[in-house]
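One-letter residues, chain by chain:
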Amino acid sequence: MWKLHCTIITLMAAACLGVSSLGVPFTEVANATQRRAVCLDGSPAGYYYSAGSGDGAKNWLIYLRGGGWCQNIDSCQSKQNQSFGCNRFLPPFRNLTGILSPNNQINPDCNNWNRIYVGYCDQSSFLGDNEFDDGQGLNLQFRGSRIFDAVVDDLLAKGMSVGENAILSGDSAGALGAILHCDGFRARLPDVGRVKCLSDAGFFLRGEKILNADYRDNFFASTIMFHNISSFLPVKCTERIDPSLCLFPENLVGDIQTPLFILNSAFDIYQVKFLLVPPPPYDRKSWDSCLNNLALREISNNPSRGMFIEACFSHAVAYDERYWSPNSTIKLGNLTIQEAFANCTIIIFSKLMFSP
C-alpha cells in the first residue's frame, strides 16, 4: 500500500470523466469556545469523524476543507453567514466520498481508516490568531491556528498518537494549510510509524514573471497581515524572504522534510480564471511561461516529493470519486491518482507542448 520506493515516470496528457457513502455526524471541537477554536463568527469549529475499524483502526486520514481566503473587513464579514465562516451552516451529517470514501471499490487503501473531514470557517488556511472588534457590534474571530491545533488535540485523544499511518491532506486553501502544517503535524506524532501530506489543488503560483503578480503578492500579504499569520509561517522561509511571500508553495516546499504529494491540474480552473490570466493586451510570452508551470518543475527533484499533474480543467479532485478511484480514466504513466499516491510515485511535470 505505502511502498517505500518511488518510481519516476513522465507526464502524459489526461482526459477527464458519484457514488456516495454513509452519513457521518458533525463533531464540535472539545471546549472550542474556551480554547477560542472558533469560526469567523465565533461558532465552535468542528469536523466529521468516522472511526476506523479492523486493520485500519490505527491509521488516520485528515482532510482539510478549502474555500478561499478573506483579507479585509468586508470580505471577511461577507463570509459570516456562510459555511466558510460559520459552522452553523454545515449539515449535521455528511457523506464522505473520494479519498474519504468507506467504499473499498472506490477507496481500497483508506476505506476503513479513521477518516476526518475538517470544516473550513477561518478563511486563512488554518493559520493565524487574531480578532477584530469595531466596538459597534462587529466582531470577527481569526483563529485558524487554534482550530487546527484543537482538531489535532481531539484526534490525539481518540488514539492518533499511537497510530501506524497518518495522512494530512486538504483541497485548495485547505491544501495550502496541509503544506504549511505538514512538518508541524509530523512533529506532533513521534510515535506514529509513517506520516505523509497531500496537497490537492493547493499549489498557488506566485508567478513573479507573469502579469498580475502584484495582485497576487498583495492579496496574500493582506491575508497574512489581517489574520496575524506571520508568526505561524515556516521560519526557514521567513528568514530567507519577506513573510508576505511565504504563503506561496513554491517558496515553501523545498524546506519540507515530511513526504509531500502534490496533486494539481496544469490548468487549475481557479487560478487560470481568477489569479493568473493576463489582462489585455494578451502577452503570449508571459502566458506560455505560466502554462509551462515552471515552479512545479523546479521542485520535482526530491526523493520525498511526489506529484501528479493532470491536464483537466479542474480544481481539487481527491474528494471526487470520478477522479479518486482505481476505475478513474485519468491516468499518468498508466497509474490513477489513487494508485500514484499509494505507491509514493513521483510524476514529473517535465514538459507540455502547446501549438501556436
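Cut-off values and rules
Every residue gets a number counted from 1 within its own chain, in the order that chain's sequence is written. For this predicted model, a pLDDT threshold of at least 70 governs which residues receive local features, and a threshold of 80 or more governs which side-chain atom pairs are given and counted, while totals over whole chains, interfaces and linings are taken from all residues. Values shown for side chains rest on all heavy atoms present in the structure; no hydrogens or waters enter the calculation. UniProt positions are given in the numbering used here, feature names are shortened, and annotations may be inferred rather than shown by experiment. Strands are runs of DSSP state E lasting at least two residues, helices are runs of H or I lasting at least four, and both sets are numbered from the N terminus onward. To estimate how far a helix should reach, multiply one less than its number of residues by 1.5 Å. Bend is the name given here to the angle between axes fitted to two runs of seven residues, the run ending at a residue and the run starting at it. Exposure classes here rest on a 1.4 Å probe applied to the protein chains alone. A residue is buried below 20% of its type maximum, exposed above 50%, and partly exposed in between. The contact definition used throughout considers only heavy atoms, calling two residues in contact when any of these lie within 4.5 Å. Between 30 and 60 degrees the pair is tilted, below 30 it is stacked and above 60 it is edge-to-face, where a pair is any two Phe, Tyr or Trp rings, Trp via its six-membered ring, whose centres lie within 6.5 Å. We call a charge positioned above a ring when the Lys NZ or Arg CZ atom is no farther than 6 Å from the ring centre and deviates by at most 35 degrees from the ring normal. We call a pair of cysteine sulfur atoms a disulfide whenever their separation is within 2.5 Å. A pair is scored as a salt bridge if a Lys or Arg side-chain nitrogen falls within 4 Å of a carboxyl oxygen belonging to Asp or Glu. What makes a nonpolar core is a set of buried Ala, Val, Leu, Ile, Met, Phe, Trp, Tyr and Cys residues whose side-chain atoms join them at distances within 4.5 Å. For this analysis, a polar contact is any N or O atom pair within 3.5 Å, provided that within protein one partner can donate a hydrogen and the other can accept it, and provided that sequence-adjacent residues contribute only side-chain to side-chain pairs.

The name an unreviewed UniProt entry gives the protein chain is Pectin acetylesterase, with Salvia divinorum as the organism. If you open the UniProt record of the protein chain and go to Function (unreviewed entry), you find "Hydrolyzes acetyl esters in homogalacturonan regions of pectin. In type I primary cell wall, galacturonic acid residues of pectin can be acetylated at the O-2 and O-3 positions. Decreasing the degree of acetylation of pectin gels in vitro alters their physical properties."

**Some words on helix H3 (residues 173–187)**
Because an α-helix packs 3.6 residues into every turn, residues spaced three or four apart end up facing the same way. For H3, with 15 residues, the first-to-last C-alpha span of 22 Å sits near the 21 Å given by 1.5 Å per residue. Maximal helix bending in H3 amounts to about 55°, located at His 181. In terms of residue burial, H3 counts as a mostly covered element, since eleven of its 15 residues are buried. Within H3 the residues assigned to the buried category are Ala 173, Gly 174, Ala 175, Leu 176, Gly 177, Ala 178, Ile 179, Leu 180, His 181, Cys 182 and Phe 185. At its buried positions, H3 is contacted by strand E4 (59–64), helix H2 (144–157), strand E9 (165–171), strand E10 (194–200), helix H4 (213–227) and strand E11 (260–265).

**Quick notes on the packing of aromatic side chains**
Scanning all chains against the criterion turns up 14 aromatic pairs. Residues Tyr 63 and Tyr 117 carry aromatic rings whose centres are separated by 6.0 Å and whose planes lie at 15° to one another, so their mutual orientation is stacked. You can see Tyr 63 sitting in strand E4 and its partner Tyr 117 sitting in strand E6 (residues 114–118), a full 54 residues away along the chain. Classification of Tyr 63 as buried rests on a relative accessible area of 1%. On the basis of relative accessible area, Tyr 117 is assigned to the buried category, the value being 6%. One aromatic cluster in this structure is built from Trp 69, Phe 204, Tyr 215, Phe 219, Phe 220 and Phe 248. The ring centre of Tyr 49 lies 5.5 Å from the NZ or CZ of Lys 158, which sits over that ring. Over the ring of Phe 341 we find Lys 196; its NZ or CZ atom is 4.0 Å from the centre of that ring.

**So, the environment of Cys 39**
Looking at the element boundaries, Cys 39 is found in the loop between strand E2 (23–28) and strand E3 (46–50). We classify Cys 39 as buried; its relative accessible area is 0%. Residues Cys 39 and Gly 85 lie 46 residues apart in sequence; the distance between their C-alpha atoms is 5.7 Å. Setting aside chain neighbours within four positions, we find Cys 39 in contact with Pro 44, Ala 45, Gly 85, Cys 86, Asn 87, Cys 121, Gln 141 and Ile 147.

**A short note on the state of the cysteines**
Two cysteines joined by a covalent bond between their sulfur atoms form a disulfide. By the definition in use, this model includes four disulfides. Between Cys 237 and Cys 246 runs a disulfide, and the two sulfur atoms are separated by 2.1 Å. One quick way to see it: the torsion about the S-S bond of Cys 237 and Cys 246 is about -95°, and its sign makes the bridge left-handed. Grouping residues by exposure puts Cys 237 and Cys 246 together as buried. A disulfide-free cysteine, Cys 86 has its sulfur positioned 6.3 Å from the sulfur of Cys 39, the nearest such atom.

**Brief notes about the pattern of salt bridges**
Following the criterion strictly, the structure yields ten salt bridges and no others. Taking the shortest distance from any N to any O, the salt bridge between Arg 240 and Asp 255 comes out at 2.9 Å. Here Arg 240 is found in the loop between helix H5 (235–238) and E11, whereas its partner Asp 255 is found in the loop between H5 and E11, with 15 residues between them in sequence. For Asp 255, a relative accessible area of 23% gives the class partly exposed.

**Considerations on the environment of Ile 106**
Looking at the secondary structure, you find Ile 106 in the loop between strand E5 (93–95) and E6. In sequence terms Ile 106 and Tyr 323 are 217 residues apart; their C-alpha atoms lie 9.8 Å from each other. Filtering out sequence-adjacent residues up to four positions away, Ile 106 remains in contact with Gly 98, Ser 101, Glu 321, Trp 324, Ser 325 and Pro 326.

**Some details on the nonpolar core**
Counting 57 residues, the largest nonpolar core has Ile 62, Leu 155 and Phe 185 as its most contacted members. Top element by residues in this core is H3. It accounts for seven residues. For Leu 155, the residues in contact, after removing those within four places along its chain, are Tyr 47, Tyr 49, Trp 60, Ile 62, Ile 116 and Met 160. Counting residues in each nonpolar core, the second largest holds 27 residues, with Tyr 48, Ile 99, Ile 167 and Ile 337 among its members.

**As for unusual backbone geometry**
Backbone geometry places Arg 36, a non-glycine residue, at a positive phi of 55°. Structurally, Arg 36 can be placed in the loop between E2 and E3. Judged by its relative accessible area of 37%, Arg 36 is partly exposed.

**Points about H2**
With 14 residues, H2 ought to run about 20 Å at 1.5 Å a step, and its terminal C-alpha atoms sit 20 Å apart, in line with that. Where H2 ends, the next residue or the one after it, Gly 159, has phi of about 120°, a positive value.

**Remarks on the environment of Tyr 49**
Checked against the element boundaries, Tyr 49 lands in strand E3. Separated by 47 residues in the primary sequence, Tyr 49 and Leu 96 have C-alpha atoms spaced 9.6 Å apart. Those residues within four positions of Tyr 49 in sequence are excluded, and the remaining contacts are Val 24, Pro 25, Thr 27, Trp 60, Asn 114, Arg 115, Ile 116, Leu 155 and Lys 158. One polar contact links Tyr 49 to Asn 114, side chain to side chain, over a distance of 2.9 Å.

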